[in-house]
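# Chain and residue survey
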Amino acid sequence: MGSVGLVLGGGGITGASYHLGTLLAIEMATGWHPSQAEVVVGTSCGAFTAAMLRGGQLTIDAFLDDAHSREEVTRRLRARIYRRSRRPAGVVRWLRRGVLPGLARPDLRLVAGSPALYTTRGIAEWVEERLGPMANGWPDEATVIVGFDLTERARIAFGTDEAPQVALKDAVAASVAVPMVFEPVQLNGRWYVDGGIASGTSADLLLGFDEPLDLVIVVAPMAASESRPGARFYEDAFDRAGRVALEQEIDRIRSEWPETDVVVFRPDDRVLAVTRPNPLSTKAAVPAFLRTLRSLKDELGRPDTWGILQRHLVPSPA
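Now for a quick tour of the structure. (Residues numbered from 1 in each chain as written. Predicted model: local features only at pLDDT ≥ 70, side-chain atom pairs only at ≥ 80, totals over all residues. Heavy atoms only, no water.)

### A look at the overall build of the protein
Looking only at helices and strands, the protein features 11 helices and 10 strands. Rg of the C-alpha trace for the protein: 18 Å, near the compact-globule value of 20 Å for 318 residues, within the 12% margin. Each of the three principal axes of the protein carries a C-alpha extent, and together these read 65 × 45 × 45 Å. Buried positions account for 55% of the 318 residues belonging to the protein. (Helix = DSSP H or I, 4+ residues; strand = E, 2+ residues; numbered from the N terminus. Rg over C-alpha atoms; globule rule 2.2 N^0.38 Å. Buried < 20%, exposed > 50% of the residue type's maximum accessible area, 1.4 Å probe, protein only.)

Now the structure itself:
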């Protein structure tokens, strides 16, 4: 079997459902468990999935918080994810580190550091409950959690030598801090937000691995190839930005590792019908997971996709 790099992109609550469905479908089809990946890069909800994966918690129960009905899933997820901030603050910080620097070249960084009604403390606690001691340290296997440094206004790759040492649960809490929804996370005196501000995938961070990988698998919930019927204007904008960034990252990988195969999984129209227009909807978590399983049945049946996965993930007959 070949060496694998796994990239888990941002995409909200439904993005995590898409991750889970995609990874479980790959495992069922090939027998390869995603925890065997030599390196994992997680951004935003992909950071949560990466942590659960490395902690041996890539299970339906872990993601749905042991709930037993769709209504209970919605209640529990909302209680976990949407923890009210004690007192929304940070207008001055937002003006200094988001609005004013962003006026010269408006983009997603303009909202970075904004005050918000919710905090990601509940998500950090969720990671700690599931992973135990690992949540306060770091996985032994190569794991990169992507955040965005408000001071430097740049991507930060927790888990690499260039980044400050933080606990896994705190890196996840920072990476999932979507501006305007969740307040920024302060670690070692610096403020961080959602790594998706810089890129929804950051697949190029795999190039920091010691040697070329045989296969790169990218799961990109926010880089859909086609619009869904009735899509709102911002959906296409986010997907277009995600596609452009990912294409540039893949070009870099192929330039430096020409022998590496790359497979990208993106939501199709069936998945988009339930994951949009609001990927942060707790009600859509279960439908998104179920639609993903149906979608992956077709995706894995495509000769080009299956041929690559079979070559790298399925053991050769003895």
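### A short note on helix α8 (residues 233-256)
The terminal C-alpha atoms of α8, which comprises 24 residues, lie 36 Å apart, in line with the 34 Å expected from a rise of 1.5 Å per residue. Every buried residue of α8 is listed here: E235, D239, G242, A245, L246, E249, I250 and I253. The elements touched by buried residues of α8 are β9 (215-219) and β10 (261-265). (Expected span 1.5 Å × (residues − 1). Contact = heavy atoms within 4.5 Å.)

### Some remarks on the packing of aromatic side chains
Here the structure, examined in full by the defined rule, presents eight aromatic pairs. Aromatic side chains F48 and F63 sit 5.6 Å apart centroid to centroid with 75° between the ring planes, which places their arrangement in the edge-to-face category. Pair noted here: F48 is in helix α2 (residues 45-54) and F63 is in helix α3 (residues 60-63), with a separation of 15 residues, a long-range link. Accessibility expressed as a relative area gives 7% for F63, which makes it buried. Note on F233 and Y234: the rings are 5.6 Å apart at their centroids and 85° apart in plane angle, and the pair reads as edge-to-face. (Phe/Tyr/Trp six-rings, centres within 6.5 Å; stacked < 30°, edge-to-face > 60°.)

### Some remarks on the side chain of R80
When you line up the elements, R80 lands in helix α4 (residues 70-81). Residue classification places R80 among the buried positions, given a relative accessible area of 14%. A distance of 2.7 Å separates polar atoms of two side chains, one belonging to R80 and the other to E129. Once residues within four sequence positions are removed from consideration, R80 is found in contact with D65, G122, I123, E125, W126 and E129. (Polar contact = N/O pair within 3.5 Å; in protein donor to acceptor, adjacent residues only side chain to side chain.)

### Overview of the packing of α4 against helix α10 (residues 285-299)
The interhelical angle for the contact between α4 and α10, taken along N-to-C directions, is 115°, at an axis separation of 9 Å. Contacts between α4 and α10 involve R70, V73 and L77 from the first element and A285, V286, P287 and L290 from the second. Partitioned by chemical class, the residues of the contact of α4 with α10 number six nonpolar, no polar and one charged. (Axes fitted to C-alpha atoms, helices over the stretch in contact; angles between N-to-C directions. Nonpolar A, V, L, I, M, F, W, Y, C, P; charged D, E, K, R; others polar.)

### A few points about the pattern of salt bridges
Taken as a whole and assessed by the stated rule, the structure comprises 18 salt bridges. Of the charged contacts, one joins R155 and D204 as a salt bridge, the two residues approaching to 3.1 Å between their closest N and O atoms. With R155 in strand β6 (residues 154-158) and D204 in the loop between β8 (190-194) and β9, the pair connects residues that are 49 residues apart, well separated along the chain. The class for D204 is buried, based on a relative accessible area of 10%. A salt bridge links R276 to E235; the nearest nitrogen and oxygen atoms lie 3.9 Å apart. Of this pair, R276 sits in the loop between α9 (269-275) and α10 while E235 is found in helix α8, placing the two residues 41 residues apart along the sequence. (Salt bridge = Lys/Arg side-chain N within 4 Å of Asp/Glu carboxyl O.)

### Section: a negative patch on the surface
A surface patch of negative charge is lined by E38, D210, E211 and D214. Along the chain, D214 falls in the loop between β8 and β9. (Patch = residues over 30% accessible without salt bridge, like charges linked within 9 Å, V, L, I, M, F, W, Y side chains within 5 Å. Areas by Shrake-Rupley, 256 points an atom, 1.4 Å probe, with all protein chains shown as cover. Lys, Arg positive; Asp, Glu negative; His and termini not counted. Charge placed at Lys NZ, Arg CZ, Asp CG, Glu CD.)

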